[in-house]
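Structural overview for review
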Amino acid sequence: MNQEICDIFDRIAPVYDELNNWLSLGQHRIWKEMTVKWSGAKPGDTCLDLCCGSGDLAFRLARYVGTMGQVYGVDFSPKLLAVAQVRAQGQYPEPAIAWIQGDALNLPFNANYFDAGTMGYGLRNVKDIPRSLEELHRVLKPGGKAAILDFHRPKNQQIRAFQQWYLNNIVVPLAQQMGFKEEYAYINPSLDRFPTGQEQVGLAREVGFTSVTHYPIANDMMGVLVVNK
């Protein structure tokens, strides 16, 4: 577990959802819906939302699996999990979600446990991306599927330049107004280190996923990695 990143998410927990709305102009809801759809979750399934944050993907999974299904939301930030639990009380009917503080590199589940999984904006923040993918592979059932949403570094240099400008001139100042400049300033450098979509495909295949596709979305500034065990 990366304690420094954990501390960042603990600090931004109170404004996390509001900032996501502003920073994506509300588009994050569409991307998350696409991610859950690509996970293949269906009624009655047992699903994992890894790095669940304040619960957006977990709530969507719960709607897909219905009253006969079960969703586990796992995150290393206790404060974000607390926000998710409060938000869950406002859902009707209340979804069957278990909120668990845990490490994406050492998941507290048996092998071959989940039918489907999601991960939103978590892969870029783990200390060891191959290890995280390996753990996801371990806990998915044979034939299980997962979809991983995150920022992506566009191939087109003009779009990449716009992305950098947007992060530095819109995202960071907005976060600064809320008192969280340093917490959001890390996104751009983290993106420089993050594997491209095709590199993610290679890493997923190396840990054993049989069918892997990376879908660029939002003008290649975001991406969804879809993996099948």
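Residues numbered from 1 in each chain as written. Predicted model: local features only at pLDDT ≥ 70, side-chain atom pairs only at ≥ 80, totals over all residues. Heavy atoms only, no water.

On to the pattern of salt bridges. Enumeration according to the criterion identifies nine salt bridges in this entry. A salt bridge links glutamate 33 to arginine 60; its shortest N-O distance comes to 3.2 Å. Here glutamate 33, found in helix 3 (residues 28-38), pairs with arginine 60, found in helix 4 (residues 56-65); they are 27 residues apart in sequence, far enough to count as distant. Notably, a salt bridge pairs lysine 141 with aspartate 115, separated by 3.0 Å at the nearest N-O pair. (Salt bridge = Lys/Arg side-chain N within 4 Å of Asp/Glu carboxyl O. Helix = DSSP H or I, 4+ residues; strand = E, 2+ residues; numbered from the N terminus.)

Further remarks concern the sheet that holds strand 4 (residues 114-120). For sheets, the rule is that strands pair by backbone hydrogen bonds, running either parallel or antiparallel. Sheet architecture is open: seven strands sit in the order 3-2-1-4-5-7-6, paired in mixed fashion. Looking along the sheet, the strands with just one partner apiece sit at the ends: strand 3 (97-101) and strand 6 (211-217). Strand-to-strand, the axes of this sheet are offset by a mean angle of 15°, without reference to chain direction. Across five bridges, strand 2 (residues 70-75) lies against strand 3 in parallel orientation. The residue of strand 3 that forms the bridge with valine 71 is isoleucine 97. Taken strand by strand, helix 6 (residues 129-139) contacts strand 1 (46-50), strand 4, strand 5 (140-151) and strand 7 (222-228), and its axis lies near 145° from that of strand 5. The sheet contacts of helix 10 (residues 197-206) involve strand 6 and strand 7, and relative to strand 6 the element is tilted by about 160°. (Pairing = 2+ DSSP bridges. Axes fitted to C-alpha atoms, helices over the stretch in contact; angles between N-to-C directions. Contact = heavy atoms within 4.5 Å.)

Moving on to the side chain of threonine 118. For threonine 118, the location among the structural elements is in strand 4. A polar contact of 2.9 Å, which involves the side chain of threonine 118, links it to the side chain of aspartate 49. Those residues in contact with threonine 118, other than ones at most four positions away along the chain, are Thr35, Val36, Ser39, Leu48, Asp49, Leu50, Leu57, Leu61 and Ala147. (Polar contact = N/O pair within 3.5 Å; in protein donor to acceptor, adjacent residues only side chain to side chain.)

The next point concerns unusual backbone geometry. At alanine 218, a residue that is not glycine, the phi angle is positive and equals roughly 50°. Turning to its location among the elements, alanine 218 is positioned in the loop between strand 6 and strand 7.

Membership of the largest hydrophobic core comes to 43 residues, with the highest contact counts inside it found for Leu48, Phe109, Leu133, Leu136, Phe209, Leu225 and Val227. In this view, valine 227 contacts Leu136, Gly144, Lys145, Ala146, Ala204, Phe209, Ser211 and Val212; residues no more than four positions away in its chain are not counted. One finds Leu57, Ala58, Phe59 and Trp99 within the second-largest nonpolar core, a separate group that totals 17 residues. (Core = buried A, V, L, I, M, F, W, Y, C linked by side-chain atoms within 4.5 Å. Buried < 20%, exposed > 50% of the residue type's maximum accessible area, 1.4 Å probe, protein only.)

By the element assignment, isoleucine 159 lies in helix 7 (residues 157-177). Separated by 60 residues in the primary sequence, isoleucine 159 and asparagine 219 place their C-alpha atoms 7.6 Å from one another.

Here we come to a nonpolar patch on the surface. Taken together, the side chains of Phe162, Trp165 and Ile170 present a nonpolar region at the surface, about 290 Å² in accessible area. The residue phenylalanine 162 is located in helix 7 in this model. (Patch = residues over 30% accessible without salt bridge, like charges linked within 9 Å, V, L, I, M, F, W, Y side chains within 5 Å. Areas by Shrake-Rupley, 256 points an atom, 1.4 Å probe, with all protein chains shown as cover.)

Pairing between strand 4 and strand 5: six bridges, direction parallel. Bridged to methionine 119 within strand 5 is isoleucine 148. Between strand 4 and its parallel partner strand 5, the chain crosses via helix 6, and the hand of that crossover is right-handed. The pairing of strand 5 with strand 7 spans seven bridges and is antiparallel. (Right-handed = clockwise from strand over helix to strand, strands pointing away.)

Our next topic: the packing of helix 3 against helix 4. As a packed pair, helix 3 and helix 4 sit with axes 10 Å apart at the nearest point and diverge in direction by 45°. Put simply, helix 3 runs oblique to helix 4. Helix 3 and helix 4 meet at a crossing whose hand is right-handed. Contact with helix 3, carried on its side by His28, Arg29, Lys32, Glu33, Thr35, Val36 and Lys37, involves Asp56, Leu57, Arg60, Leu61, Arg63 and Tyr64 of helix 4 and no other residues of that element. Across the contact of helix 3 with helix 4, the residue classes tally to four nonpolar, two polar and seven charged. (Parallel < 35°, antiparallel > 145°, perpendicular 65-115°, else oblique. Left-handed = near helix turned anticlockwise from the far one by under 90°. Nonpolar A, V, L, I, M, F, W, Y, C, P; charged D, E, K, R; others polar.)

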